[in-house]
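One-letter residues, chain by chain:
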Amino acid sequence: MDNIVATVAWQRGANEAFTDKRFSRGHQWSFDGGLTVRASSSPQVVQKYSDPAGIDPEEAFVASLSACHMLTFLWVAASKGHVVDSYRDEASGVMSKNAKGKYFVSSVTMKPQVVFSGANRPDRAALEALHHAAHEDCFIANSVLTEVKWEPVV
């Protein structure tokens, strides 16, 4: 596989001293397809100097897990002959302190709501199996130590 590249860029404002810690946390993320998005620290962490319109790393982490799970789920479902019409997930993450007293994203819960059509619609057990298989093959889930759960909405 190719290297994965994301460019993260920040520039100090002309009137920001920086060493007083009163500088903007707003920055940009750019990706190989040409997309650039606003990013920032979480307004919950650095209130005054964050850009609330920007994506923060913790949100991106939750979204990455959710998107990877969804894309893997769609592939697994298609492989099993299921037709998926739509997929929507309202994933959430929990920040906790670890044994060293440092904050980390300790769990991510996905609540995927999947709409199927056609004759081959999975029952509850088959749906759970599809999500389990997707989780096992998700690149991002396999890259982290955070507990990742899913609670399918039926």
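The notes below deal with the structure included here. In this text, all values refer to a predicted model and were calculated from it rather than measured experimentally. (Residues numbered from 1 in each chain as written. Predicted model: local features only at pLDDT ≥ 70, side-chain atom pairs only at ≥ 80, totals over all residues. Heavy atoms only, no water.)

Moving on, we come to the overall build of the chain. When helices and strands are tallied, the chain shows 2 helices and 8 strands. Radius of gyration (C-alpha) of the chain: 19 Å, far over the 15 Å computed for a compact globule of 154 residues. Projecting the C-alpha coordinates of the chain onto the three principal axes gives extents of approximately 65 × 40 × 30 Å. Taken over 154 residues, the chain has a buried fraction of 32%. Partitioning the intrachain contacts of the chain with sequence separation of at least 6 by distance along the chain shows that 50% fall at a separation of at least 24. (Helix = DSSP H or I, 4+ residues; strand = E, 2+ residues; numbered from the N terminus. Rg over C-alpha atoms; globule rule 2.2 N^0.38 Å. Buried < 20%, exposed > 50% of the residue type's maximum accessible area, 1.4 Å probe, protein only. Contact = heavy atoms within 4.5 Å.)

Looking now at the packing of helix α1 (residues 57–79) against helix α2 (residues 124–137). Look at α1 against α2: their axes get within 8 Å of each other, and the N-to-C directions meet at 125°. It follows from the interaxial angle that α1 and α2 lie oblique. Along this stretch, α1 crosses α2, giving a crossing that reads as right-handed. Of α2, the residues touching α1 (which contributes His-69, Thr-72, Phe-73, Val-76 and Ala-77) are Leu-127, Leu-130, His-131, Ala-133, Ala-134, His-135 and Asp-137. Tallied by class, the residues present in the contact of α1 with α2 amount to 7 nonpolar, 4 polar and 1 charged. (Axes fitted to C-alpha atoms, helices over the stretch in contact; angles between N-to-C directions. Parallel < 35°, antiparallel > 145°, perpendicular 65-115°, else oblique. Left-handed = near helix turned anticlockwise from the far one by under 90°. Nonpolar A, V, L, I, M, F, W, Y, C, P; charged D, E, K, R; others polar.)

The subject of this paragraph is the sheet that holds strand β5 (residues 92–97). Taking strand neighbours across the sheet as the criterion, the 3 strands line up as β5-β6-β8 in an open arrangement whose pairing is mixed. Two strands close off the open sheet at either side, each with one partner strand: β5 and β8 (147–150). Direction aside, neighbouring strands of the sheet carry axes that sit 25° apart on average. Judged from the 6 bridges that link them, β5 and strand β6 (residues 103–110) form a sheet pairing that is antiparallel. Following the sheet pairing, Gly-93 is matched in β6 by Val-108. (Pairing = 2+ DSSP bridges.)

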